[in-house]
Amino acid sequence: MINTARGDRVDMAPVTIAIIGAGVWGAALARLARQNPQAIVRLWSRRSPESLAEAIGGANFVLSAVSMKGVSDSITRLAATEMPPSTVLITATKGLDAQSHQTPSQMWHSAFPQNPIVVLSGPNLSQEIEHGLPAATVVASYDQGAAEAAQRLFASNVLRVYANLDPIGTELGGTLKNVMAIAAGVCDGLQLGTNAKAALLTRALPEMIRIGTHLGAQAETFFGLAGLGDLLATCNSALSRNYQVGYGLAQGKPLDRVLAEIHSTVEGINTVEVLVAIAREQQIPVPIARQVHRLLHGQITPQQAVRALIDRDLKQEFEDELL
Ligand SMILES: NC(=O)c1ccc[n+]([C@@H]2O[C@H](COP(=O)([O-])OP(=O)(O)OC[C@H]3O[C@@H](n4cnc5c(N)ncnc54)[C@H](O)[C@@H]3O)[C@@H](O)[C@H]2O)c1
Ligand SMILES: O=P(O)(O)OC[C@H](O)CO
């Protein structure tokens, strides 16, 4: 049992965590880890003066907070160091690899099969974290001891951390909701109202579950913080960059202008490509993702996307659901 009421760690020895990727999420995670008085926190980026080998030297945890496009490169860099197999690898990236369709944790596991892999994901908008607002997150691993070690590391009086044994579901909840957040931004940008938003988010969840379970996730994980929790946070917040993309498109701006204004990572843009490719190959119904895909490719207007969703063939609410 951990007493975090005053940030105390009654059963914890000092630990070192090296965070790779000093973007907004890496910086926010460093701030969270520093809440733990027993943690020595190192934040490393490609511009850091020290080498990656120096940054991870003696670390109990190495956490990757790079964007999806940097995962392969980070793996290659880390493989060139002498990281011991006892080091717990934590991945906080929300994306899918464009070529292999793998999740980041699957890529990390392929490269470092002996190291415990933990996924950290949840409804965690970095700007709220930076403001010290309370939040909850999930650490998930097939290695329960590793997940619990990460839980002890990050638990504090501003962050409640839950552990589970479904890293793929935890990871895919945070990844797939980015596509739905683009749709939610369109919904709000067009001022379609609360009824439409509720319908969109409710129908988004089974869509995420269909793809997620095909990729090896447990359905129930999508009803937790990393699924529904993150879907609600991201689809209801103007702080979300994915939401901002949909909102901007709904205002008639071209995608390149919207992305230039955001000037930061928007993972849903690449994720929808992978999601739609898998859905096509496997004949999995993903109507919302398909409309987001067509919208991002300039094949339809936001208004036509809404119309296309409403005009679909009538069906039973649960006829092809997994639950
Ligand atoms: N910002 C949030 O609120 C938030 C919350 C949870 C998860 N995430 C996820 O965290 C990941 C990072 O997002 P962010 O918000 O920090 O984006 P960001 O654009 O602020 O930072 C991305 C970071 O990745 C680094 N990077 C990219 N390629 C790299 C490489 N080859 N080697 C080393 N570093 C590399 C960049 O230098 C940058 O520091 C994304 O997958 C995002 O979905 C973000
Ligand atoms: O800004 P976004 O859209 O990448 O969302 C950030 C986080 O994933 C929210 O949990």
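Since we're looking at a predicted model, the values are computed, not measured. (Residues numbered from 1 in each chain as written. Chains lettered and ligands numbered in written order. Predicted model: local features only at pLDDT ≥ 70, side-chain atom pairs only at ≥ 80, totals over all residues. Heavy atoms only, no water.)

S.K.: Which parts of the structure should I look at to understand the site of ligand 2?
M.R.: Surveying the vicinity of ligand 2 reveals the residues K94, G122, P123, N124, L125, K177, D230, T234, S240, R241 and N242. In the environment of ligand 2, an oxygen atom lies 2.9 Å from a nitrogen or oxygen atom belonging to the side chain of K94. A distance of 3.2 Å separates an oxygen atom of ligand 2 from a polar backbone atom of G122. Expressed as a share of its isolated accessible area of 310 Å², the protein-covered part of ligand 2 is 92%. Looking at the shell around ligand 2, the elements that each hand over two or more residues are α9 (225-235) and α10 (241-250). Here the residues of the shell around ligand 2 sort into two nonpolar, five polar and four charged. (Near = heavy atom within 4 Å. Polar contact = N/O pair within 3.5 Å; in protein donor to acceptor, adjacent residues only side chain to side chain. Areas by Shrake-Rupley, 256 points an atom, 1.4 Å probe, with all protein chains shown as cover. Helix = DSSP H or I, 4+ residues; strand = E, 2+ residues; numbered from the N terminus. Nonpolar A, V, L, I, M, F, W, Y, C, P; charged D, E, K, R; others polar.)

S.K.: Explain the pairing of strand β5 (residues 117-121) here, please?
M.R.: Looking along a regular strand, one sees side chains alternate from face to face of the sheet. Along β5, five of the five residues are buried, which leaves the element largely enclosed by surrounding structure. Side chains I117, V119 and S121 project from β5 onto one buried face, and the interleaved V118 and L120 project onto a second face that is buried too. For strand β4 (residues 88-91) and β5, the ladder comprises three bridges, and the chain directions are parallel. Considered in β5, the bridge of I90 is made with V118. Following the chain from β4 across helix α4 (residues 104-111) to the adjacent parallel β5, one finds a crossover that is right-handed. Looking at chain direction, β5 and strand β6 (residues 135-140) are connected through three bridges and run antiparallel. For S121, the partnering residue across the bridge sits in β6 and is V138. (Buried < 20%, exposed > 50% of the residue type's maximum accessible area, 1.4 Å probe, protein only. Pairing = 2+ DSSP bridges. Right-handed = clockwise from strand over helix to strand, strands pointing away.)

S.K.: Explain unusual backbone geometry here, please?
M.R.: Most peptide bonds take the trans form, and the phi angle of most residues other than glycine is negative. Positioned with a positive phi, H101 is a non-glycine residue whose angle comes to about 65°. Looking at the secondary structure, you find H101 in the loop between β4 and α4. With a phi angle near 50°, H263 is a residue other than glycine that sits in the positive phi range. Structurally, H263 is set in the loop between α11 (255-262) and α12 (268-282).

S.K.: Explain helix α7 (residues 167-189) to me, please; I cannot follow it from the model alone.
M.R.: An α-helical turn contains 3.6 residues, so a residue and the one three or four places further along point in the same direction. Counted at 1.5 Å a residue, the expected span for α7 with its 23 residues is 33 Å, and the 33 Å between its end C-alpha atoms agrees. By the largest-angle criterion, N178 marks the main kink of α7, which is about 30°. Just beyond α7, the residue with positive phi is Q191, at close to 55°. (Expected span 1.5 Å × (residues − 1). Bend = angle between axes of the 7 residues up to and from the residue.)

S.K.: Explanation requested: the UniProt feature "domain: Glycerol-3-phosphate dehydrogenase NAD-dependent C-terminal" (unreviewed entry) in the protein in the structure shown.
M.R.: Those places that UniProt annotates as "domain: Glycerol-3-phosphate dehydrogenase NAD-dependent C-terminal" (unreviewed entry) correspond, in this numbering, to residues 166-306. Overall, residues 166-306 shows 73% helix and 0% strand. The separation of its end C-alpha atoms is 34 Å. (UniProt positions renumbered as here; feature names shortened; annotations may be inferred.)

S.K.: Would you explain the packing of helix α8 (residues 194-214) against α9 in this entry?
M.R.: Angle between the axes and distance between the axes: these two values describe a pair of packed helices. Remark: α8 packs on α9, axes separated minimally by 11 Å, with the N-to-C direction vectors making an angle of 140°. Between α8 and α9, the crossing angle belongs to the class labelled oblique. The handedness of the crossing between α8 and α9 comes out as right-handed. Here α8 contributes K197, L201, A204, L205 and M208 to the contact with α9, which in turn contributes L228, L231, L232 and C235. Within the contact of α8 with α9, the residues separate by chemical class into eight nonpolar, no polar and one charged. (Axes fitted to C-alpha atoms, helices over the stretch in contact; angles between N-to-C directions. Parallel < 35°, antiparallel > 145°, perpendicular 65-115°, else oblique. Left-handed = near helix turned anticlockwise from the far one by under 90°. Contact = heavy atoms within 4.5 Å.)

S.K.: What exactly am I supposed to notice about the pairing of β6 here?
M.R.: Most of β6 is tucked away, with six of its six residues classed as buried. The alternating pattern of β6 places A135, T137 and V139 on one face and A136, V138 and A140 on the opposite face, and all of these are buried. Here six bridges tie β6 to strand β7 (residues 159-164), and the two strands are oriented parallel to one another. Bridging from a neighbouring strand, A135 pairs with L159 of β7. For the handedness criterion, the β-α-β arrangement of β6, helix α6 (residues 144-154) and β7 is classed as right-handed.

S.K.: What exactly am I supposed to notice about the sheet that holds β6 here?
M.R.: Note on sheets: strands pair through backbone hydrogen bonds, and any given pair is parallel or antiparallel. The seven strands lie next to each other as β2-β1-β3-β4-β5-β6-β7, forming an open sheet whose pairing is mixed. Edge positions in the sheet fall to β2 (39-44) and β7, since each of these pairs with one other strand and no more. Strand-to-strand twist across the sheet, computed as the mean angle between neighbouring axes with direction ignored, equals 25°. In this structure, strand β3 (residues 61-64) lies alongside β4, joined through four bridges in parallel fashion. Considered in β4, the bridge of L63 is made with I90. α9 rests against β5, β6 and β7 of the sheet, and its axis sits at about 145° to β6.

S.K.: Would you mind going over the packing of aromatic side chains with me for this structure?
M.R.: Two aromatic rings, taken as a pair, are described by how far apart their centres are and by the angle between their planes. Tallied over the full model, the rule gives two aromatic pairs. Seen from their ring centres, W108 and F112 are 5.9 Å apart, and the 20° between their planes marks the pair as stacked. Each member of the pair, W108 as well as F112, is classed as buried. Taken together, a centroid distance of 5.9 Å and an interplanar angle of 25° make the contact between Y243 and Y247 stacked. Taken together, the residues Y243 and Y247, both in helix α10 and four residues apart, mark about one turn of the helix. What makes Y247 partly exposed here is its relative accessible area of 31%. (Phe/Tyr/Trp six-rings, centres within 6.5 Å; stacked < 30°, edge-to-face > 60°.)

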